[in-house]
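# Close look at the chain arrangement
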Amino acid sequence: MPELVPLRYIEVIAKAGSIRKAADTLAITSTALNRRVLALEEEFGVPIFERLPRGVRLSIAGELLVQHIRSQRSDVAKLQSRISDLKGERRGHVSIACSQALLPYFMPAEIAKYRKQHKAVTFGVYVRDRAAAEQALVDFSADVALVFEPVRLRDVQVLASFPQTVCAVMNENHPLAGQEKVRLGDLSQYPVGLPTSPFGVRQLIDHAVMRSSVGLNVAVESDNFQFLLHYPSHDDLITFQIPIGLPTAMEMKGVVRRPLDARDIPHGLLYLCQLKNRTLPVAAAKFAVQLERSLVRQLSVPD
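Computed from a predicted model, the values in this text were never measured in an experiment.

## So, the overall build of the chain
- Counting secondary structure elements, the chain contains 10 helices and 12 strands.
- Judged by the C-alpha coordinates and their principal axes, the chain covers about 70 × 55 × 30 Å.
- Expressed as a percentage of its 303 residues, the buried residues of the chain come to 46%.
- Considering only contacts in the chain between residues 6 or more positions apart, those separated by 24 or more positions represent 76%.
- With an accessible surface of roughly 15800 Å², the chain has 52% of that area assigned to carbon and sulfur atoms.
- Distance between charge centroids for the chain: 5 Å, based on 37 positive and 31 negative side chains.

## Brief notes about the state of the cysteines
- Overall, the coordinates contain 0 disulfides when judged by the stated rule.
- Left unpaired, C167 is separated from the closest cysteine sulfur, that of C98, by 19 Å.
- Here C273 is not disulfide-linked; the sulfur of C98 is the nearest cysteine sulfur, at 12 Å.

## Focus: the pattern of salt bridges
- If you walk through the whole model with that rule in mind, you get 9 salt bridges.
- For E50, the salt bridge is made with R57, and the minimal N-O distance between the two is 2.8 Å.
- The partner of R202 in a salt bridge is D206, with the nearest N and O atoms 3.0 Å apart. Taken as a pair, R202 and D206 lie in helix α8 (residues 200-211) at a separation of 4 residues, close to a single helical turn.

## Looking at the sheet that holds strand β6 (residues 156-164)
- Spatially, β4-β3-β5-β12-β6 is the arrangement adopted by the 5 strands of the open sheet, whose pairing is mixed. The open sheet terminates on both sides in strands that have one partner only, identified here as β4 (121-127) and β6. Across the sheet, the axes of successive neighbouring strands diverge by a mean angle of 20 degrees, strand direction being ignored.
- Bridge analysis of β6 against strand β12 (residues 268-275) gives 8 bridges, and the strand direction is antiparallel. Opposite V156, over in β12, you have L275 as the bridge partner.
- Running at roughly 170 degrees to β4, helix α5 (residues 106-117) makes contact with β3 (92-98), β4 and β5 (144-148) of the sheet.

Rules used throughout
Residues numbered from 1 in each chain as written. Predicted model: local features only at pLDDT ≥ 70, side-chain atom pairs only at ≥ 80, totals over all residues. Heavy atoms only, no water. Helix = DSSP H or I, 4+ residues; strand = E, 2+ residues; numbered from the N terminus. Buried < 20%, exposed > 50% of the residue type's maximum accessible area, 1.4 Å probe, protein only. Contact = heavy atoms within 4.5 Å. Areas by Shrake-Rupley, 256 points an atom, 1.4 Å probe, with all protein chains shown as cover. Lys, Arg positive; Asp, Glu negative; His and termini not counted. Charge placed at Lys NZ, Arg CZ, Asp CG, Glu CD. Disulfide = S-S within 2.5 Å. Salt bridge = Lys/Arg side-chain N within 4 Å of Asp/Glu carboxyl O. Pairing = 2+ DSSP bridges. Axes fitted to C-alpha atoms, helices over the stretch in contact; angles between N-to-C directions.

Structure below.
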């Protein structure tokens, strides 16, 4: 909407940290952009930015203004979705912040299913760790988040949560492949590959190791779960993943998965979240309902 354009300029400047850099992004002159800022500051009667030797940063009033901008944009998107519903259409944009584990199998299937019914809806899917996913909800860059084991939930409303048992992924010929479950002590006898520390799977394993006298032989560490999933087909290394991030047993060629014993490593939770007290646009709200139903159905049936 036209009245939101000057406010959008403020958001771009805040992100760039410089009026000159923001002007380049907006394809206008820095002089013209600075005049717009000064006009807004005169209108509000307070400085929106603190002028620094190298750039600018938001004042307290500016931070309130940016939060207002994001709220207004969300309200406009919600209004557009509702108007589309009145016309018998389903339009809008759904922005999702999710853990890496959701990307290979679960999320593509869910978006494709939704778009079969609502072709006009567009999606943005962004990999975020637990803290970054929560921040994405707070700054309105994501409508919903689907993450494993969040660190804090102060600003987040949990729509649903689902238990996930950490699984050991190994070569089908590995000595532990014949076991129904894997104990932490079993893992100490073989090299393992771990995800990096921001991931919930790593946190659960690290906490279990700290509580025990068992040490792990960490041969490989990576922030890419697809790499960790495929590595055991080439080596006797054991890696780890939650079920939602794994293909079906029939699709796991050359590797098998075995759950870690809950006596050593308790299950974690997969959280479906939105910003607390926010009314989602129609398309995002409908997609969140679909996600919850699919997770209930999928995670209640053994693979």
